[in-house]
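Remarks on the overall topology
Below, each chain spelled out in residue letters.
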Amino acid sequence: MKRTVFIYLCGLLSIAMFYACGTSDTDLQKNVQSVLVAYPGVTSTVNNGTVTLSGNVASEDIKAGAERAAKAIKHVKSVNNNIVVTTPSPVTTAPVVSSDDVLNRTIRDNLKAAGYDDVNVDIDNGEVTLTGKVKRDHLQEVMRIANDASPKRVINQLDID
């Protein structure tokens, strides 16, 4: 009887020592955090040897890399990857709009240089209004000249010959 109790207690003591010698969640958390420094925006928690990753990253490659790094740590049982891949919003820039004086000078000079003396240009707050006469074959060229100056918009009121 004493022998059985002794063997039983030794078994319990061995199990307790095995778990006591294992890595604690706190130690695992420190190890995980040390490798995740290479992955900005990624955070982690550890519970019973299971690592949960979270945060926002810019690509699937970064997400997968963080998971691989966490799995490579000794004593990590599993990894739950809750990292979200977010694509940055495209940067939208307002179209460049020339001032009225610059628009007027640019369009008039370019129309004159191209020989379109019968085309009149009126500009109001970045909007160009074209009036006068132009041959059908030249309409596209006149519109290109006006648009190349980067106005807000071109209003075509030209008479077509």
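Preceding this paragraph is the structure being described.
What this report covers is the structure whose coordinates are included nearby. Computed from a predicted model, the values in this text were never measured in an experiment.

**Let's talk about the side chain of S44**
If you trace the backbone, S44 turns up in strand 1 (residues 42–47). One polar contact links S44 to Q33, side chain to side chain, over a distance of 2.6 Å. In contact with S44, other than residues within four places in its own chain, are Q29, V32, Q33, L36, V51, T52 and L53.

**Quick word on the sheet that holds strand 1**
Spatially, 1-2-3 is the arrangement adopted by the 3 strands of the open sheet, whose pairing is mixed. Looking at which strands have only one partner, the edges of the open sheet turn out to be strand 1 and strand 3 (78–85). The average angle at which neighbouring strand axes cross in this sheet is 15°, direction not considered. Both strand 2 (residues 50–57) and strand 3 contribute to a ladder of 8 bridges, which runs parallel. Each bridged residue has a counterpart across the sheet, and for L53 the counterpart in strand 3 is N81. Of the strands in this sheet, strand 1 and strand 2 are in contact with helix 2 (residues 25–36), which crosses strand 1 at around 160°. Helix-sheet contacts for helix 3 (residues 60–71) involve strand 1, strand 2 and strand 3, and the interaxial angle to strand 3 is about 160°.

**What to know about the environment of S78**
Relative to the helices and strands, S78 is located in strand 3. Owing to a relative accessible area of 31%, S78 belongs among the partly exposed residues under this scheme. With 11 residues separating them along the chain, S78 and E67 place their C-alpha atoms 9.8 Å apart. Polar side-chain contacts of S78 include one of 3.3 Å to the side chain of T50.

About the thresholds
- Residues numbered from 1 in each chain as written.
- Predicted model: local features only at pLDDT ≥ 70, side-chain atom pairs only at ≥ 80, totals over all residues.
- Heavy atoms only, no water.
- Helix = DSSP H or I, 4+ residues; strand = E, 2+ residues; numbered from the N terminus.
- Polar contact = N/O pair within 3.5 Å; in protein donor to acceptor, adjacent residues only side chain to side chain.
- Contact = heavy atoms within 4.5 Å.
- Pairing = 2+ DSSP bridges.
- Axes fitted to C-alpha atoms, helices over the stretch in contact; angles between N-to-C directions.
- Buried < 20%, exposed > 50% of the residue type's maximum accessible area, 1.4 Å probe, protein only.

By themselves these figures say nothing about function.
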